[in-house]
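Descriptive structure summary
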Amino acid sequence: YVWPSPYDFLEDAYTVSARFGGGGIVPGVDPCGVSPFGFLPGRQAASEWLRLAYHDMATYNIETGLGGLDASIGFETTRAQNIGTAMNTSLVFFGAFQSKTSSMSDVMALGVILAMKNCGGPSIPFRAGRIDAVTGGPETVPEPQQDLEMHTAAFALQGFNVTEMIGLVACGHTIGGVHQVDFPLSVQNATSAQNPEGVVHFDDSFDSFDNHIATQWIDGTSTDPLAVGFNDTTNSDARIFAADGNTTMRAFAWDPEFFSSQCGSLLERMLNTVPNTVQLSEVIDPLPVKPYQLQLSLATNGSLIMSGYIRIFGTSAEAAAASETDMPVTLSWKDRNGQSNTTYSTSALAVSQPSTSLWGNVRFFQVDAIIESQSGISSFVVDWAFNSQDTLTHSDNGGGGFPLQDVALFQADNSCVTPASQANPTTTVFAVIRTDLGPITSAYIDYSSNVNQEGSVTVKQVAARFPLVHFGNSSSPLYDTYSVSFPTGETTNQGVITFDVVAVITGKTYASANNLAITTPC
Ligand code: HEM
């Protein structure tokens, strides 16, 4: 894909794990055995995310095309089949990443992909575009006391045959375990001071996505409480694993690569099981070169300032061996008439140390350039190399360059927000709009905030439009200042607030999109 895209935020979270520009999701499951928020003993965030996603998907009905991964689970957590506090713990974690361009169900899918990879599991391709449900789905999550016939029928309705059911359950139950506090019919005498919830793991490597769930089942050393538990009625894993005479489990035990690749494709299908009205995106892979938080604003001296970062990603040995201080990264821009000039160029400097990524190597370079406002900017290209001795790679974003409009600009100066503690908190946005392109038909803020939802810990994104009002001159005769104050909206614990500054001039729309909520107090 090319930048900018509605999926930039998800691509960032997919590509960058931690340190500068870190997407924030991977630290929640790193290392693989880590407990949610780092302090809940006997709990494991990675396995909780996977169980959450399966239970959400389990509402799918292949006959109606309804249900699937749609975050309806938020409205279903009080049901017996979703017992445990884990579902809500996971949803609260994911809530921090929900935004206009990242639905809860997309974040859940991304979370599972990152968690599995970080646990040593397969690389599952990521597609976005899921739409969140606003009510619960049918009560169709399989439960351990049900018989094989019921389980076979339930998986068939979700779109998985017997072989795939065995696979999906084995892939799911290779990490994590069963908690006595929630499943006393399957686990007993397991609680202790160190293990307050009485977790018993499915296999001897609960924090590694490997085939031990199968090897231990086949060689008779299984500890899976749902396979060799004291209560035959709830030994659903035993019934499922043996449903084809152990053919699938033997193949998994025999070949760890086969287990991993089967799990990769089954979990991919699970995550991509969505209501038939949803159209998923192409696979989102890390962009080799991508702007990050790149902004244009008008300075007090009347010139434009381009500030932000360029991210360079690579999977080669050279990318791994690179030293960021020895990497040349140059931005060259075209002015607003599409003309180049040798002075339209700036070099970007490495941000102190490389960031981490599950997929390759990531480094950020800081941009801080002054652009003459008369000539302006329309796009730029990046010339760079992993090493100052190398020939430069010319990155032009698929041919057209990285577009950057200089017409409608958000101005952080003076923009502010009144404290949430105050009655009717308001946000004030200042912007500048170019005046030499013709009459401004309309100018507004598209504001995307969140409201709490009855019956779910998750929030819902809501959109509102507020007209910008002409405020006066700016530091440049080429721009006028506009402003608007509007209600900040409901206070929620979750969800990212963003806003676009938009101007329509002689039929053309110019937008400074996805600015993050203003935090500067008024
Ligand atoms: C017949 C189908 C299934 C049944 C009856 C079943 C049942 C269970 C039960 C009773 C637990 C214990 C939960 C707890 O104590 O917190 C559990 C845990 C888990 N299940 Fe399943 N499950 C099934 C299928 C699946 C599938 C298809 C997946 C994913 C692909 C999955 C993923 C998990 C994970 C990751 C855990 C560990 C959760 C943790 O460690 O907190 N399960 N399952």
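It should be emphasised that the depicted structure is a prediction, and the values quoted were computed from it without experimental measurement.

The subject of this paragraph is the overall build of the chain. When its secondary structure is counted, the chain shows 11 helices and 19 strands. Relative to the compact-globule value of 24 Å for 522 residues, the chain shows a C-alpha radius of gyration of 26 Å, a close match. In the chain, buried positions account for 46% of the 522 residues.

Once that is clear, we can look at the site of the ligand. Around the ligand, 27 residues are found, and the nearest of them are S47, P142, G172, G176 and H179. For the shell around the ligand, the secondary-structure elements that each account for two or more residues are helix 2 (45–57), helix 6 (162–172), strand 1 (177–179) and helix 8 (236–241). If one sorts the elements of the shell around the ligand by residue count, helix 2 sits on top with five residues. Looking at side-chain class alone, the shell around the ligand contains 13 nonpolar, 10 polar and four charged residues.

A common measure of how large an interface is: the accessible area buried when the components associate. Under the domain assignment used here, the chain contains domain 1 (31–271), domain 2 (289–403) and domain 3 (408–516). For domain 1 versus domain 2, the distance between C-alpha centres works out to 42 Å.

This paragraph deals with helix 1 (residues 8–15). Burial of helix 1 is extensive: eight of the eight residues sit out of reach of the surface. Within helix 1 the residues assigned to the buried category are D8, F9, L10, E11, D12, A13, Y14 and T15. Buried residues in helix 1 make contact with helix 4 (104–118), strand 3 (289–298), strand 4 (304–314) and strand 8 (361–371).

Counting residues in each nonpolar core, the largest one holds 79 residues, and the members touching the most others are A53, M108, L110 and V112. Looking at this core element by element, the count peaks at 10 residues for helix 4. For M108, the contacting residues outside a window of four places in its chain are L52, A53, D56, L69, A71 and F94. Within the second largest apolar cluster, 51 residues are counted, among which are F380, F386, F410 and L468.

Turning next to the pairing of strand 3. Inspection of the sheet shows strand 3 paired to strand 4 by eight bridges, in the antiparallel sense. Paired with V289 across the two strands is I312, which belongs to strand 4. Two successive antiparallel strands, strand 3 and strand 4, enclose a turn made up of five residues, where G302 displays a positive phi of approximately 90°.

Within the UniProt annotation, "domain: Plant heme peroxidase family profile" (unreviewed entry) is assigned to residues 101–311. The span residues 101–311 carries 35% helix and 11% strand; its end-to-end C-alpha distance comes to 20 Å.

This brings us to the sheet that holds strand 7 (residues 349–350). Whether parallel or antiparallel, the strands of a sheet pair through hydrogen bonds between backbone atoms. A sheet is described by the order of its strands in space; here four strands give the open sequence 3-4-8-7, paired in antiparallel fashion. Of all the strands in the sheet, the pair left with one neighbour each is strand 3 and strand 7.

Bringing the pairing of strand 19 (residues 508–516) into the picture now. Note on strand geometry: in a regular strand, side chains alternate between the two faces of the sheet. Sheet topology note: the strand 18 (residues 498–505)/strand 19 ladder contains seven bridges and is antiparallel. Counterpart to I505 in the pairing with strand 19 is K508. Two successive antiparallel strands, strand 18 and strand 19, enclose a turn made up of two residues, where T506 displays a positive phi of approximately 40°.

Relative to the helices and strands, V178 is located in strand 1. Separated by 21 residues in sequence, V178 and V199 place their C-alpha atoms 5.4 Å apart. When residues no more than four places from it in sequence are discounted, the contact partners of V178 are F183, S186, V187, V199, V200, P225 and L226.

What follows concerns the sheet that holds strand 16 (residues 469–473). Read from one edge to the other, the open sheet built from four strands follows the order 12-13-17-16, with strand pairing classed as antiparallel. Of all strands in the sheet, those bounded by a partner on one side alone are strand 12 (408–417) and strand 16. Each neighbouring strand pair of the sheet contributes to a mean axis angle of 30°, computed without reference to strand direction. One ladder, built from nine bridges, connects strand 13 (residues 426–434) with strand 17 (residues 479–487); its direction is antiparallel. Pairing of V432 across the sheet is with T481, part of strand 17.

Cis geometry marks the peptide bond from W3 to P4; its omega dihedral reads -5°. Residue P31 is bonded to the preceding D30 through a cis peptide linkage, with omega at 0°. The topology assignment puts P31 in the loop between helix 1 and helix 2. Positive phi, normally seen in glycine, also occurs at F37, with a value near 55°. The residue F37 is located in the loop between helix 1 and helix 2 in this model. In the Ramachandran plot, T506 falls in the positive-phi region, its phi being about 40° despite a non-glycine side chain. T506 gets classed as exposed once you count the C-beta atoms within 10 Å, which come to 9.

Glancing now at the packing of helix 6 against helix 9 (residues 247–254). Running from amino to carboxyl end, helix 6 crosses helix 9 at an angle of 45°, the nearest separation of the two axes being 9 Å. Taken together, the axis directions place helix 6 and helix 9 in an arrangement best described as oblique. The two elements helix 6 and helix 9 cross, and the hand of that crossing is right-handed. Residues T163, I166, G167 and A170 of helix 6 touch helix 9, and the partners they reach there are T248, M249 and F252. Residue composition of the contact of helix 6 with helix 9, grouped by class: four nonpolar, three polar and no charged.

We now examine the environment of A320. By secondary structure assignment, the location of A320 is in helix 11 (residues 317–321). Put simply, A320 and F386 are 66 residues apart on the chain and 9.1 Å apart in space, counted from C-alpha to C-alpha.

Right, let's get into the packing of helix 7 (residues 212–219) against helix 9. Relative orientation and spacing of two packed helices are given, respectively, by the angle between their axes and the distance between those axes. Two elements in contact, helix 7 and helix 9, have axes separated by 8 Å at closest approach and are oriented at 115°. Our classification of the angle between helix 7 and helix 9 gives roughly perpendicular. Pair helix 7 / helix 9 crosses with left-handed handedness. Together, A214, T215, W217 and I218 of helix 7 and M249, R250, F252 and A253 of helix 9 make up the contact between the two elements. Classifying every residue of the contact of helix 7 with helix 9 by side-chain character gives six nonpolar, one polar and one charged.

Cut-offs and rules
Residues numbered from 1 in each chain as written. Predicted model: local features only at pLDDT ≥ 70, side-chain atom pairs only at ≥ 80, totals over all residues. Helix = DSSP H or I, 4+ residues; strand = E, 2+ residues; numbered from the N terminus. Rg over C-alpha atoms; globule rule 2.2 N^0.38 Å. Buried ≥ 20, exposed ≤ 12 C-beta atoms within 10 Å, placed from the backbone. Near = placed C-beta within 6 Å. Nonpolar A, V, L, I, M, F, W, Y, C, P; charged D, E, K, R; others polar. Domains from an automatic or database assignment. Contact = placed C-beta atoms within 7 Å. Core = buried A, V, L, I, M, F, W, Y, C linked by C-beta atoms within 7 Å. Pairing = 2+ DSSP bridges. UniProt positions renumbered as here; feature names shortened; annotations may be inferred. Axes fitted to C-alpha atoms, helices over the stretch in contact; angles between N-to-C directions. Parallel < 35°, antiparallel > 145°, perpendicular 65-115°, else oblique. Left-handed = near helix turned anticlockwise from the far one by under 90°.

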